[in-house]
Amino acid sequence: MVITFFIRKHVLILFFLCLLTTNLLAQENLYVFYPTISNPEIIKDLLEKHVKSTDVLVFGKHDDFITRVKADQPDAIITKTVLIYDQLGDYEVLLNGQRNGKAETRYVILSISKPLNIESINSSTVIGIVNFLGRTGIESFSKQFFPTAPRLKRVSKVGDLLPLLSLNIAAGILIEDVFVDYFKTTSQLNFFVTPLPVLINGTVGFAVKKERKADKVVNILKKNDKEICDLFHIQQWK
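Below is a short write-up of the structure. (Residues numbered from 1 in each chain as written. Predicted model: local features only at pLDDT ≥ 70, side-chain atom pairs only at ≥ 80, totals over all residues. Heavy atoms only, no water.)

### Details of helix 3 (residues 62-72)
Link 1 in the chain: Those residues of helix 3 that sit buried are His62, Phe65, Ile66 and Val69. Seen end-on, helix 3 carries its buried residues on one side only, within an arc spanning 95°. Pointing more than 90 degrees away from the buried face of helix 3 are the exposed residues Thr67 and Ala71.
Link 2 in the chain: Of the surrounding secondary structure, the elements contacted by the buried residues of helix 3 are strand 1 (28-33), strand 3 (76-80), helix 4 (81-87), strand 4 (91-98) and helix 5 (134-142).
Link 3 in the chain: Just past helix 3, the residue Gln73 takes up positive phi, approximately 50°. (Buried < 20%, exposed > 50% of the residue type's maximum accessible area, 1.4 Å probe, protein only. Helix = DSSP H or I, 4+ residues; strand = E, 2+ residues; numbered from the N terminus. Arc of directions from axis to C-beta. Contact = heavy atoms within 4.5 Å.)

### Points about the sheet that holds strand 6 (residues 126-130)
Link 1 in the chain: Read across the sheet, five strands follow the order 7-6-8-5-9 without closing on themselves; strand pairing throughout is mixed. Strand pairing shows two members of the sheet lacking a second neighbour, strand 7 (151-155) and strand 9 (191-201), which therefore form its edges. Between one strand axis and the next, the sheet turns through 25° on average, direction left out of account.
Link 2 in the chain: Relative to strand 8 (residues 172-176), strand 5 (residues 104-112) runs antiparallel, the two sharing four bridges. From the neighbouring strand, Val108 faces strand 8, where its bridge partner is Ile175.
Link 3 in the chain: Set on the sheet, helix 5 makes contact with strand 5, strand 6, strand 7 and strand 9; between it and strand 7 the angle comes to about 130°. (Pairing = 2+ DSSP bridges. Axes fitted to C-alpha atoms, helices over the stretch in contact; angles between N-to-C directions.)

Geometric descriptors of this kind do not, in isolation, establish any biological role.
Now the structure itself:
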């Protein structure tokens with residue numbers, strides 16, 4: 001009788017250990033880096049509310065994100081598409097965020113007091129920009145917008161660009177056009193918007209480590225829940 005109870009006890013323990021192991025193996029890892037007006041904690045909470053059985057980590061800085069992705073090799077990532085293609089070639093983009101039916105990003109120069117003439121920008125002109133590609137990457141990225149490369153004042157968050165204008169540290173800031181309304185509703189400064197002719201292919205991308213899957217996250221994103229789409233200023237994933 002004692003032996004039978006002992007066997008049953010250990011069989012149950014083994015069963016629950018197997019069940020726990022299965023659940024852990026089923027857990028998907030999602031790392032996110034998308035500089036926006038929401039802080040990383042808000043993005044993490046909203047994603048975890050919708051994406052179950054997924055370990056979500058959200059980063060506020062490019063270097064931290066790249067370091068952890070290369071060290072941990074998560075199953076999936078969400079970040080700016082240009083960053084995936086430029087620095088994370090071992091990840092394959094499965095879904096692109098779309099705005100007005102297109103997966104492309106328009107940039108503008110936001111300035112105060114007067115419009116900023118792009119042709120007048122020179123190597124001493126200070127332009128604020130969110131550092132989403134690292135120092136070398138963002139310098140290379142920004143050159144395509146200007147005849148002469150300006151001096152860049154790099155920040156980590158979209159909100160950190162506003163003091164550069166209000167304190168006259170920068171002549172203008174380079175931003176995605178979807179953030180213009182944020183600045184106009186946040187500050188009473190007299191803003192001028194200068195559209196830029198260069199269109200960037202891609203907005204935000206969902207990518208999976210090659211030879212892996214992240215079906216749970218894919219299925220959730222494909223539902224195009226407005227709360228998730230709004231986090232990345234898109235209308236749908238496609």
